[in-house]
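# Structural overview for review
Listed below are the residues making up each chain.
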Amino acid sequence: MTALLDADQLRTFIAIAETGSFTKAAEFVNKTQSAVSMQMKRLEERLDRPVFVRDGRASKLTEDGQRLLDYARRIIKLNIETIAAFTDEELSGRVRLGVPDDYADRYLPEIMARFSRAYPGVELSVMCEPSVDLWERIDANEIDLAIVTNCESQRAAETFRRERLLWVTSNRHTAHTEETVPLALGRPTCAWRRTAIERLDVMGRPYRLLYSSSNAGAVAAAVLSGLAVSVLAESGLRPGMRVLTPADGYPDLPSCQIGLVRNAHESSTLANALAEHIISSLDNLSEAAIAAE
């Protein structure tokens, strides 16, 4: 009979994949580093192929490791669901979610409504911060889940949605026609900001950074008041905004990956339940629905 994969080894494997480090993963799963290394050695022996390769100080997934990661997450998820199905007690407690405010207005109402209906006894605590800060919150065990922009991150996140990045301006003003484009963008660590500036530099179009903020509402206010042009994901479009295209002199932008990061410190039935609600909620958020608003 074929030997089955060990769920505890898979949980450790996921922790390493998400942290990029055997040392950090050991802390998350409450094991010694030598125990973690032994678990991965046995897992690789069971699969008869390597799942990690060293990249400097980091541990990166091999091609086979990437394939295994999806299976591992599904196995652990099903394990948790099975236990929950045979637990008579209604879920209760608190689960902590982080989400950038770029997405909060559009995503949170659906997520919160569906989760609250399914688990009325659970407190959902929401923190709105930029993606880079949410990664730090996850590492510090301060939140259980985070929705993050994953455009160029080298860290592992479950990409569940892709959106277009768009140039936007006010539909009642003409800031986008100015010879030197006034920009309202995120702070220097923002991937969208870097992308916007790089594209303008490549085409040789002059610009000036007029407003800089990590708060999506402040950036949107600068756009809607006709003071600046900005870059947003399609779900961030608001009434009163106009999308700019190459016909307006603005180059196409790459798509944006949106991912889910789970806290690997410990498995949480509540966190996994919330993760499923997030994925199912946002899978149904179509481009057509966004464009119609």
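Here the structure is shown first, and the text comes after it.
Structural notes, computed from the coordinates. Everything quoted here is computed from the prediction, not taken from an experiment. (Residues numbered from 1 in each chain as written. Predicted model: local features only at pLDDT ≥ 70, side-chain atom pairs only at ≥ 80, totals over all residues. Heavy atoms only, no water.)

### Here's the deal with the pairing of strand S6 (residues 158-170)
- By the criterion of burial, S6 is predominantly enclosed, with ten of the 13 residues buried.
- In this structure, S6 lies alongside strand S11 (residues 255-262), joined through six bridges in antiparallel fashion. Residue pairing for S11: Thr159 is matched across the bridge by Gly259.
- Sheet topology places S6 next to strand S9 (residues 230-233); four bridges connect them, and they run antiparallel. The partner of Val168 across the bridge, within S9, is Ser230. (Buried < 20%, exposed > 50% of the residue type's maximum accessible area, 1.4 Å probe, protein only. Helix = DSSP H or I, 4+ residues; strand = E, 2+ residues; numbered from the N terminus. Pairing = 2+ DSSP bridges.)

### Some words on the pattern of salt bridges
- The full count for this structure, using the stated rule, is 15 salt bridges.
- For Asp133, the salt bridge identified is with Arg187, shortest N-O distance 2.8 Å. Of this pair, Asp133 sits in helix H6 (residues 131-139) while Arg187 sits in the loop between strand S7 (181-185) and helix H7 (191-203), and the two are 54 residues apart along the sequence.
- Linked through salt bridges whose partners overlap, the residues forming this network are Arg49, Asp64 and Arg67. (Salt bridge = Lys/Arg side-chain N within 4 Å of Asp/Glu carboxyl O.)

### Considerations on the nonpolar core
- Of all hydrophobic cores here, the largest spans 38 residues; its most connected members are Tyr103, Leu145, Ile147, Trp167, Leu274 and Ile278.
- Ranked by residues supplied to this core, first place goes to helix H9 (residues 269-283) with seven residues.
- Residue contacts for Tyr103: discarding those within four places in its chain leaves Leu108, Ile147, Thr149, Trp192, Ala233, Ser235, Cys256 and Ile258.
- Within the second largest apolar cluster, 22 residues are counted, among which are Ala15, Ala25, Phe28 and Val51. (Core = buried A, V, L, I, M, F, W, Y, C linked by side-chain atoms within 4.5 Å. Contact = heavy atoms within 4.5 Å.)

### Re the packing of aromatic side chains
- Tallying each qualifying case throughout the model produces six aromatic pairs.
- Taking 5.4 Å as the distance between ring centres and 55° as the angle between the ring planes, the aromatic pair formed by Phe13 and Phe52 counts as tilted. Here Phe13, found in helix H1 (residues 7-19), pairs with Phe52, found in strand S1 (residues 52-55); they are 39 residues apart in sequence, far enough to count as distant.
- Judged by relative accessible area, Phe52 falls into the buried class, the value being 11%.
- One aromatic cluster is present, formed by Phe13, Phe22 and Phe52 through successive ring pairs.
- The side chain of Arg205 reaches across the aromatic face of Tyr250, ending 4.5 Å from its centre. (Phe/Tyr/Trp six-rings, centres within 6.5 Å; stacked < 30°, edge-to-face > 60°. Lys NZ or Arg CZ within 6 Å of the ring centre and 35° of its normal.)

### Side note on the layout of surface pockets
- By volume, the largest pocket is sized at about 620 Å³.
- Glu18, Arg73, Glu158, Arg262 and Asn272 are the residues nearest the centre of the largest pocket, which is lined by 31 residues in total.
- Within the residue set of the lining of the largest pocket, elements represented by two or more residues are H1, helix H4 (63-85), strand S3 (93-99), S6 and H9.
- Sorting elements by how many residues they give to the lining of the largest pocket places H4 first, with eight residues.
- Classifying every residue of the lining of the largest pocket gives eleven nonpolar, seven polar and 13 charged. (1 Å grid on protein atoms, 1.4 Å probe; cavity = no way out; pocket = protein on both sides within 12 Å on 5 of 7 lines; lining within 4 Å. Points joined across faces, edges and corners; volume = space filled by probe spheres on them. Nonpolar A, V, L, I, M, F, W, Y, C, P; charged D, E, K, R; others polar.)

### What to know about helix H3 (residues 33-47)
- In this model H3 runs 21 Å from its N-terminal to its C-terminal C-alpha over 15 residues, within 8% of the 21 Å that 1.5 Å per residue would give.
- Val36, Gln39, Met40 and Leu43 are the residues of H3 that are buried. An end-on view of H3 places all buried positions within 95° of arc, on one side of the element. Residues of H3 that are exposed and angled more than 90 degrees away from the buried face: Ser34 and Glu45. (Expected span 1.5 Å × (residues − 1). Arc of directions from axis to C-beta.)

### Digging into unusual backbone geometry
- The backbone of Asp48 sits at a positive phi, close to 60°, despite the residue not being glycine.
- One non-glycine residue with positive phi stands out, namely Asn141, at about 60°.
- Examined against the element boundaries, Asn141 turns out to sit in the loop between H6 and strand S5 (145-149).
- Taking the relative accessible area as the measure of exposure, Asn141 reaches 28% and is therefore partly exposed.

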